Amino acid sequence: MALLEVDDVVVQFGGVTAVDHAVFAVEPGQITGLIGPNGAGKTTCFNVITGLQKPTKGHVRFDGKDITSLSVHRRSRRGMARTFQRLEAFGSLTVRENVKVALDIHRGLRGLVRRSSTDIDALLERVGVAAYAEERADSIPTGAARLLELARCLAGEPKLLLLDEPSSGLDESETDAFGALLKDLTREGKAVLMVEHDMDLVMGVCDDIHVLDFGKVIASGKPAEIRTNAAVQKAYLGYSDEDERPSEQTRTDLAPVGAGAAYADPYDEGATTVIPAVTAPIDQENR
Ligand SMILES: Nc1ncnc2c1ncn2[C@@H]1O[C@H](COP(=O)(O)OP(=O)(O)OP(=O)(O)O)[C@@H](O)[C@H]1O
């Protein structure tokens, strides 16, 4: 049974339909990617799942129960934890203190009188920020701060981790280590739902991927299926393998990613990867 089910969710902001009858699921013990161009509705979906945004229509089920009308903290108590695009740690506290606070909040939420089994030092070591344990959170590199966010989430021993662009600020080797850590966490049965623009990471670690475009789920499947999906190629590149090759002029016009961002062109002979390694997200207005 799926751990999380997003069932026919619609979110409207005035005249804007940010999420449009979205349906997708997240399985326990798996890493699921939620991808799509800028403004596709990924963050709004996260907000609906975690309770920050009430859906206009539809339901969210977690661990077999309908949680659509539950508050953020009740969802957290049931085993959801989330990181944000913006870093949320307490800057004036040390890395260790930040994790301690997260642990105390978790104990408070669960009403735990006895000590939780979470060992802060082991957690800092596992996530890769032990070297910064006594540093103020606002003085550590962005990559380490991202890992601290993850440690704060893990302190709550969640069943589902929702990660919003977790690799931003990580260098290549940190991203590789991060991917390996996520895999390790899923081997313990945790589920991960990740919004991420680094396609190498997404394609490398995700078991399943759901693609949003203009609020709709336009594709769901394994990385290999998503990579070659015509609708996904169109959403990212403006054209797909199935289209007639556009003129050079049109191709220039279609170059949708920020200056310098490289992607494999599906019209190049021998190209196998057609989704760009998007580090500069595609601007919906410029598509
Ligand atoms: N509070 C809001 N009020 C009005 N419109 C909103 C609000 N939040 C999001 N939107 C709009 O809803 C759409 C989806 O936005 P959302 O932030 O969910 O997309 P996203 O896929 O997370 O984008 P990004 O990759 O840039 O973070 C966009 O058109 C956005 O402008």
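First, a word on scope: everything that follows refers to the structure included in this document. Remember, it's a predicted structure, so these values are computed and weren't measured experimentally.

**Some remarks on the site of the ligand**
What surrounds the ligand is a group of twelve residues, the closest being Phe13, Ala18, Lys42, Thr43 and Thr44. Within the residue set of the shell around the ligand, elements represented by two or more residues are strand S2 (16–26) and helix H1 (42–50). Take the shell around the ligand: its biggest share by element is three residues, from H1. Looking at the shell around the ligand residue by residue, the class counts come to five nonpolar, six polar and one charged.

**Observations regarding the pairing of strand S7 (residues 160–164)**
Most of S7 is tucked away, with five of its five residues classed as buried. By the bridge criterion, four bridges tie strand S6 (residues 80–83) to S7 in an arrangement that is parallel. Paired with arginine 82 across the bridge in S7 is leucine 162. With five bridges joining them, S7 and strand S8 (residues 191–195) adopt parallel strand pairing. Bridge assignment links aspartate 164 to a residue of S8, and that residue is valine 195. For the crossover that starts at S7, traverses helix H6 (residues 172–187) and ends in the parallel S8, the hand is right-handed.

So, how was this worked out
- Residues numbered from 1 in each chain as written.
- Predicted model: local features only at pLDDT ≥ 70, side-chain atom pairs only at ≥ 80, totals over all residues.
- Near = placed C-beta within 6 Å.
- Helix = DSSP H or I, 4+ residues; strand = E, 2+ residues; numbered from the N terminus.
- Nonpolar A, V, L, I, M, F, W, Y, C, P; charged D, E, K, R; others polar.
- Buried ≥ 20, exposed ≤ 12 C-beta atoms within 10 Å, placed from the backbone.
- Pairing = 2+ DSSP bridges.
- Right-handed = clockwise from strand over helix to strand, strands pointing away.

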